[in-house]
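Coordinates in review
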Amino acid sequence: MLRIRSGQALNFELKMKKLLDLIRLNRARKQGRLVRHYFLASVILISGGLFTSGLLEVYFVYQESWEHLGRVQKEIASATAFKIEQYVEEIERTMRSATKTREIVRDGLSPDYKWELRRLLVNSPSIAEAVAFDATGAKHAEAWRVRPVRRQNKWRSSSQAALEKAKEGKSYFGPVYFAEGTGPYMTIAVPIARFAGEFIGILLAEVDLKYVGQVLSSARVGKAGQAYLVTSSGDLIAHPDLSLVLQKRNLARLEQVEAAFSGAARPNVLVTQNMQGEKVFTSFALIPSLSWAVLAEQPIEEVYAPLYASMLRTSGLLLIGFAVALLATLLVRRRVVRPLESLRQGVERIREGDLSARLDVKTGDEIEILADEFNDMAAHLREAYTGLERKVAERTQALTIANEKLEKASKHKSQFLANVNHELRTPVSAIIGYARLVLRATEGQIAPLQRENLQDLLQNAERLLHLIDSLLDFAKIEAGRMDVRVEPVRIDALIDGATSTIEPLLNDGNVRLIREIAPGIPALSTDREKLKQIVLNLLDNAVKFTERGQIRIVATQQNGSLKLVVADTGIGIREEDLKQIFEEFHRGDLPGIKQYRGTGLGLAIVKRFVTLLGGDIAVESELGKGSSFTVVLPLDVKQSMSE
């Protein structure tokens, strides 16, 4: 029995030992799987991040390089288009100079005018033939380099179209045509007038466009690229290869030509095919006055070469990054995982608001020090949070009281302004009315001195009423109660009304008021009263500080906006005051400034009205020489606000 029991005990011990070994092995395997899991996760995450960042870098390098090349090529096309437009305009200016000779002023059109036409051919080599017609279309003089073979009816059709333009005082630019056996030509005509407005005929010239090709040849588009010129109908009129022009090629079916003249939103660049069927990188620029377009093309292989090189370098750096990431993940140790997880859980509890959370990490290394610092931080956070809650409660109570006081003060201010408006405007309006009544009733019955005193009384009362209105306007702006009422406004009529109001205030003829309103300014969609107040305040400011000289108000249209300039020859503004003149109640600090009336609210209201209407205002001034205020406003206030 003893032997049997001993054998059974031995077997039991062996079985328990095997079971413990199996448990230990299983635990070791689980721990190994955990380490492998985090190792693999680290490799995937770090490598994935590097791979993603590398792809993004390649993508952005590609996009930036593409956009840069597009901008450069677009600038080349635009610069070439500008040069060509300037070249044609220079021919037109030379022709206009030939119409302003002494002989024209003295004798009008005569057969002797052909000598002036020959001089024109010398001065402008691109003009092949020049003819002068009178106002009825009859030819008076002509000059040519080589005797033309052009038909008379061709001259007649060009001269009739040019006469219609010339009667309006405009130049005529005819369509491009190809003379038989030669390159492209175009017709340019300018009006001939003895005096301003006295139209007596036209000067018509045939321009050889092969000289435009010389201007075009100066454009450099990469190493193998080129630029060429086409009309809106697709006719090729200038190209580095002159033989293509002489073949009278029409490129209207090319995608880039269609895009240039489509009128829709056009991209900066296109990747398409050229006239030889090769894939090219294309940009274009229009010459609207001539209905021409300059196209700049570059072989796609040349464009992609630097992009491919950049992508190759980035890919190499990406591979190096992968290798470094792999080495970094090999440094991860199993003992770092669990303590870090404990730290994460502690931070999570703190984030959820449990400031009593504490960590129990005993690793004997920097992670344990970090856990202890975390516990100290949590204790300090709890103390700080308790104190912060107390201070927030105190500050909230104080702010509540302060807001109540501010609200009461705002109500009192609004009530005060309403009372001021009623109590001051009523007696001041009565004073103005009685002063006007007395002036009319005593016409010729009182001494001039007394009448002058009554006029001073009326002017000061009106000035006081204007001051009250300015204070109320400023208060409304500050309170955010100023609305914009949009309606159609004609700027010329508004300026005429404003200047009529200001002219009686000019200094006894010592100051001239000059109006310059550019023709063709469309009606504005804006607030009429606020725009009128802007103009009146600027003119009134100029009148106050100008004792002699002139005040100019100029209105023009610029880049889809209205530009108003009010300039004077007054006392000017010091440089240190320029940054403060749009502040309320600021009047500068010049010697003798007190002799000029005003409260310093006029320009402050102008600044706020301009901002309210979506515009900008700027000032330039030189002490003793005058000031110039420039206001730029959108033509449509609603559209400007929506943008």
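Residues numbered from 1 in each chain as written. Predicted model: local features only at pLDDT ≥ 70, side-chain atom pairs only at ≥ 80, totals over all residues. Heavy atoms only, no water.

**Some words on the nonpolar core**
Among the nonpolar cores identified, the biggest contains 59 residues, and Ile-84, Met-95, Tyr-113, Leu-203, Leu-229 and Trp-292 are the most heavily contacted of them. A per-element tally of this core places helix H1 (residues 2-98) first, with seven residues. Residue contacts for Met-95: discarding those within four places in its chain leaves Leu-120, Ile-127, Ile-188, Ala-189, Val-190, Leu-203, Leu-204 and Ala-205. (Core = buried A, V, L, I, M, F, W, Y, C linked by side-chain atoms within 4.5 Å. Buried < 20%, exposed > 50% of the residue type's maximum accessible area, 1.4 Å probe, protein only. Helix = DSSP H or I, 4+ residues; strand = E, 2+ residues; numbered from the N terminus. Contact = heavy atoms within 4.5 Å.)

**Comments concerning unusual backbone geometry**
The backbone of Ser-291 sits at a positive phi, close to 60°, despite the residue not being glycine. Phi angles above zero are rare outside glycine, and Asn-559 is one such case at about 50°. Of note, Asn-559 is situated in the loop between strand S15 (549-558) and strand S16 (561-568).

**What about helix H12 (residues 491-502)?**
Counted at 1.5 Å a residue, the expected span for H12 with its twelve residues is 16 Å, and the 16 Å between its end C-alpha atoms agrees. Among all positions of H12, only Ile-491, Leu-494, Ile-495, Ala-498, Thr-499 and Ile-502 are buried. Seen end-on, H12 carries its buried residues on one side only, within an arc spanning 130°. In this structure, the buried side of H12 is in contact with strand S12 (487-489), strand S13 (511-517), strand S14 (524-526), helix H13 (528-544), S15 and S16. (Expected span 1.5 Å × (residues − 1). Arc of directions from axis to C-beta.)

**Section: the confidence of the model for the protein**
Taken as a whole, the protein shows an average pLDDT of 77; of its residues, 74% reach a score of 70 or greater. Here residues 1-7 is modelled with pLDDT under 50, and outside its nearest four sequence neighbours on either side it reaches zero contacts, counting other chains as well. Every residue in residues 27-32 scores below 50 in pLDDT, and together they form two contacts with partners more than four places removed in sequence or on other chains. (pLDDT = per-residue confidence, 0-100.)

**Comments concerning the pairing of strand S17 (residues 616-622)**
For a regular strand, side chains alternate in direction, first toward one face of the sheet and then toward the other. Relative to strand S18 (residues 626-634), S17 is paired through seven bridges, and the arrangement is antiparallel. Residue pairing in the sheet places Ala-618 in a bridge with Thr-630 of S18. Hairpin geometry of S17 and S18 is characterised by an intervening segment of three residues between the two adjacent antiparallel strands and by a positive phi of about 85° at Gly-624. (Pairing = 2+ DSSP bridges.)

**As for the sheet that holds S16**
Across the sheet, which stays open at both edges, the five strands sit in the order S13-S15-S16-S18-S17 with mixed pairing between neighbours. Looking at strand neighbours, the two that pair on one side only are S13 and S17, the edges of this open sheet. Here the average twist between neighbouring strands, direction ignored, is 10°. Contacting S17 and S18, helix H14 (residues 602-612) runs over the sheet at an angle of about 145° to S17. (Axes fitted to C-alpha atoms, helices over the stretch in contact; angles between N-to-C directions.)

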